[in-house]
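Below are the chains, spelled out letter by letter.
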Amino acid sequence: MSAGPYNYSYIFKYIIIGDMGVGKSCLLHQFTEKKFMADCPHTIGVEFGTRIIEVSGQKIKLQIWDTAGQERFRAVTRSYYRGAAGALMVYDVTRRSTYNHLSSWLTDARNLTNPNTVIFLIGNKSDLEAQRDVPYEEAKAFADENGLTFLECSAKTGENVEDAFLETARKIYQNIQDGSLDLNAADTGVQPKQVVRPTTGGSAAPGERKECNC
Amino acid sequence: MAPIEKEEEIHAIVDDLSVRLGQLGDGWLTASEKAPKYFEFTPIELYAFTERLKLAEPTISETNTSADLSNTVDFLSRVKNLKIRGSRGYVRSSNIVCNSLSLSLHHCKNLLSLWVADFDVSRIEGISHLRKSLRRLVIHYSMSRIRDFFVKEELSVADFEDSWESLEEADFSFNHLEEIDDSIRSLKALVRLNVSQNRLTSIGSTLQHLPRLSYLDLSKNNIASVSGWSQLLGQISVLKIANNSIKSLEGIAKLYSLEVLDASDNQLDTIESVIFIGNLPCLEVLNLKGNKVRKVVEYRTRILEAFEERAGLVTLDGQPGDAHEKDTIAVRLALKKAKEEKEMVDRERKEKIERSVRYISNCEGSDTSPYGSFRNNL
Ligand SMILES: Nc1nc2c(ncn2[C@@H]2O[C@H](COP(=O)(O)OP(=O)(O)OP(=O)(O)O)[C@@H](O)[C@H]2O)c(=O)[nH]1
Ligand SMILES: [Mg+2]
């Protein structure tokens, strides 16, 4: 059981937030499937994805919640902030309004996550240079002011997508290493892999009936 | 039935799942990579999970930090073979009535096989992701119309036109189907369809739109006629129509792709009602057990004889023709051939005579010739 691809040391939980249509679901899809989804429908509630990555020789499973940008789902999506180790906050470089809303997203993120949550700013759709509406320097300044790490990405070409997810994980891992993230605290969004003692034969192990041999 | 109690129950069920799947889910999924198996959930578990996702609450339980909803979503988003087994009536002493539950498979993005038993399929939602991945669908005791599974309000018109691009096998046996409705047209990749043990009286006209369908099991239905099936079934190689009330096989006389035909336990009473299929060039297995035609004198040789020189390649009722049967058929075919040859020679001779008569009459001048006027009258 400890062999195979699911042999990892930690689970990190992420959420992806930002206005509707900025490309949150496409970023997730690009990261987990390495494909661009051109005709992605609006997210209803939440979507979910996982991938196993490696940071400093440690395997880490990312559990990623992709939230709906539409206002009507705000109550539900807000509830997913808690227990996130990383928050990817996304705007669309071709739509200034999505950038202007960042301060309100950031307020939510700061209020609803724990102090150690790594917040990463992504300016998506960097492939659409001709339609650019937000200069890189401006967003970079905003990120610096607020202590956020920042990258421009393209879910379409895949540019920087991998880096954004991995860099966030590196920061979280660093926080574990230097002790600023307490693994015993609740809601850190980091779970050390549970060690399961092999279930002794005969006893009704929980979940046994979940398996079925037909 | 107070909503609070129901919500408590939803939490209890999902927390329990999340704890167990957090501990064991990865191990199970890894093991099932090597030896594929179904993982079984009850409708109430999947219903509770579906409802839990709608609640505006953190993914981690207040009371139990290892009960993280992410574990359940994680498992469901990776599981390949899923079984949903309901039961009739009430679930435990629950506040939740099983039959009224709706559940969503929206997060099951990697399903290869889905098996549903004893749960009304019209209550299964969120199936649009399954269109890409699903290869095998088994539904028993759970539907009275095929469209109840495939046609959902949530789907847009464009979705309907999208086909189930991977679904190769559908087993809808043991249901209450009365027809094979139009919704099956979207199963463009379907190779095997089992609709045995239903209430079908005909096959409708939709199966001809399934270009890859080659295996069709219609056993134990109420079908009385196969009339027109050669046109309605494209490339079927295995056809099972056992346990119906079919009186004649004429309708499949031109189903040229047919290799295996099980027509046992029908109302095929005479040799004539069967031998239409003698022309099928690929037929190798024919089962007529449980039909009255088997009581007819020389039943086996007369049926096999219909296949003429291919008679030796056909297995009838589980047995190929034995040496004696083959001899008899060979003799009969030889006699038949001799007879045909004689007829041909006779015919040729007659034509030759006629030609010379015509020649003579033409030489004599048509008006005066008794033969000529005879011919003109024809
Ligand atoms: N050119 C380009 N288009 C993109 C990119 N990322 C996303 N899109 C397009 O932008 C649209 C919206 O993308 P989604 O990923 O659905 O946006 P979302 O943020 O998940 O939206 P909600 O679910 O409504 O919150 C889609 O039509 C995508 O094809 C990108 O990097 N480049
Ligand atoms: Mg989305």
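That block above? That's the structure.
Thresholds, definitions, all that
Numbering of residues starts from 1 in every chain and runs along the sequence as written. Chain letters and ligand numbers both follow the written order, the letters beginning at A and the numbers at 1. pLDDT decides what is reported in this predicted model: residues at 70 or higher carry local features, side-chain atom pairs at 80 or more are listed and counted, and totals for whole chains, interfaces and linings draw on all residues regardless. Only hydrogens and water are set aside when side-chain values are computed; all heavy atoms of the structure are taken into account. Using a grid of 1 Å spacing that covers the protein atoms alone, one calls a set of points a cavity when a 1.4 Å probe fits there but cannot get out, and a pocket when the set is open and has protein on both sides within 12 Å along at least five of seven lines; lining residues are those with an atom within 4 Å of a point. Grid points are joined across faces, edges and corners, and a volume is the space filled by probe spheres set on the points. Every helix listed is a DSSP run of H or I at least four residues long, and every strand listed is a run of E at least two residues long, numbered separately from the N terminus. Any residue with a non-hydrogen atom lying within 4 Å of a molecule or strand is treated as near it. Polar contacts here mean pairs of N or O atoms no more than 3.5 Å apart (in protein, one a potential hydrogen donor and the other a potential acceptor; neighbouring residues in sequence count only if both atoms are side-chain atoms). Using a 1.4 Å probe, the Shrake-Rupley method yields the accessible areas, and only the shown protein chains count as cover for residues. In this scheme, a molecule is assigned to a cavity or pocket if more than half of its atoms are within 2 Å of the grid points. Each residue is assigned to one class: nonpolar for Ala, Val, Leu, Ile, Met, Phe, Trp, Tyr, Cys and Pro, charged for Asp, Glu, Lys and Arg, and polar for all the others, Gly among them. Residues enter a nonpolar core if they are buried and are Ala, Val, Leu, Ile, Met, Phe, Trp, Tyr or Cys, with the set joined through side-chain atoms within 4.5 Å. Buried means the residue's accessible area, taken with a 1.4 Å probe over protein chains only, is under 20% of the maximum for its type, while exposed means over 50%, and partly exposed covers the values in between. By definition in these notes, contact holds between two residues if any of their heavy atoms fall within 4.5 Å.

### Describing empty space enclosed by the protein
The tally for this structure, following the rule as stated, stands at 3 cavities of 30 Å³ or more. Space inside the largest cavity adds up to approximately 80 Å³. Forming the walls of the largest cavity are Tyr-8, Ile-11, Lys-61 and Gln-63 of chain A together with Leu-21, Gly-22, Gly-25, Asp-26, Asn-71, Asp-74, Phe-75 and Arg-78 of chain B. Sorting the residues of the lining of the largest cavity by element identifies β3 (58-67) of chain A together with α1 (3-34) and α3 (69-78) of chain B as the ones contributing at least two each.

### Digging into the site of ligand 1
Residues and elements named next belong to chain A. Close to ligand 1 lie 23 residues; Lys-24, His-42, Gly-69, Asp-127 and Ala-155 are nearest. For ligand 1, an oxygen atom lies 2.9 Å from a polar atom in the side chain of Ser-25. Taking Thr-43, its main chain carries an N or O atom lying 2.8 Å from an oxygen atom of ligand 1. About the coverage of ligand 1: the protein hides 88% of its 650 Å² of free accessible area. If you map ligand 1 onto the pockets, it falls in the second largest pocket. The greatest single-element share of the shell around ligand 1, amounting to 3 residues, is contributed by helix α1 (residues 24-33). Partitioned by chemical class, the residues of the shell around ligand 1 number 10 nonpolar, 8 polar and 5 charged.

### With respect to the nonpolar core
A general feature of soluble globular proteins is that nonpolar side chains tend to end up buried together. Leu-114, Phe-172, Leu-218, Trp-229, Leu-239 and Leu-261 of chain B are the most contacted members of the largest nonpolar core, which has 119 residues in total. Ranked by residues supplied to this core, first place goes to α1 of chain B with 8 residues. Not counting chain neighbours up to four residues away, the residues in contact with Phe-172 of chain B comprise Leu-137, Ile-139, Met-143, Ile-146, Phe-150, Leu-177, Leu-193, Asn-194, Val-195, Ser-196 and Asn-198 of chain B. Core analysis: the second largest hydrophobic core is formed by 32 residues, Val-22, Val-55, Tyr-173 and Leu-181 of chain A among them.

### A word on the layout of surface pockets
Residues and elements named next belong to chain A. Approximately 370 Å³ is the volume attributed to the second largest pocket. Residue lining of the second largest pocket: 25 residues in total, with Gly-21, Val-22, Gly-23, Cys-26 and Cys-40 positioned closest to the centre. Residue contributions to the lining of the second largest pocket peak at 3 residues, all from α1. Per-class residue counts for the lining of the second largest pocket are 11 nonpolar, 10 polar and 4 charged.

In short, the description is geometric, and any link to function would need to be established separately.
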